[in-house]
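Residue strings, one per chain:
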Amino acid sequence: MKKTADKLLNKVLTALKLPTVKEKNMTAVKEKAKESLLAKLQRNKELVKKDGDSDKKIRQKNMEL
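In this text, all values refer to a predicted model and were calculated from it rather than measured experimentally.

Asker: Just to check I follow, could you spell out the overall build of the chain for this structure?
Answerer: When you go through the chain residue by residue, the secondary structure sums to 2 helices and 0 strands. Relative to its full complement of 65 residues, the chain shows a buried share of 0%.

Set out below in structure tokens:
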């Protein structure tokens, strides 16, 4: 049973290491990583903008006092 599983694992690993498959997988991983980084940057920009707006309001209230 173990030998069969090892053979199957070796076949799968060999297939995944083929240049065409490897390139396709690397491209997919890079695209996903790029998308997630861009999404994080956008969320952080929105948070900074909200924080900046609230800071301005707080400063204005303090100046009125």
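Asker: Would you mind showing me how to read a nonpolar patch on the surface here?
Answerer: The grouping of L8, L9, V12, L13 and L16 at the surface amounts to a nonpolar patch, some 430 Å² of accessible area in total. Following the sequence through the fold, L9 ends up in helix α1 (residues 2–16). Among the residues examined, L9 registers a relative accessible area of 46% and is labelled partly exposed.

How each quantity is defined
- Residues numbered from 1 in each chain as written.
- Predicted model: local features only at pLDDT ≥ 70, side-chain atom pairs only at ≥ 80, totals over all residues.
- Heavy atoms only, no water.
- Helix = DSSP H or I, 4+ residues; strand = E, 2+ residues; numbered from the N terminus.
- Buried < 20%, exposed > 50% of the residue type's maximum accessible area, 1.4 Å probe, protein only.
- Patch = residues over 30% accessible without salt bridge, like charges linked within 9 Å, V, L, I, M, F, W, Y side chains within 5 Å.
- Areas by Shrake-Rupley, 256 points an atom, 1.4 Å probe, with all protein chains shown as cover.
- Salt bridge = Lys/Arg side-chain N within 4 Å of Asp/Glu carboxyl O.

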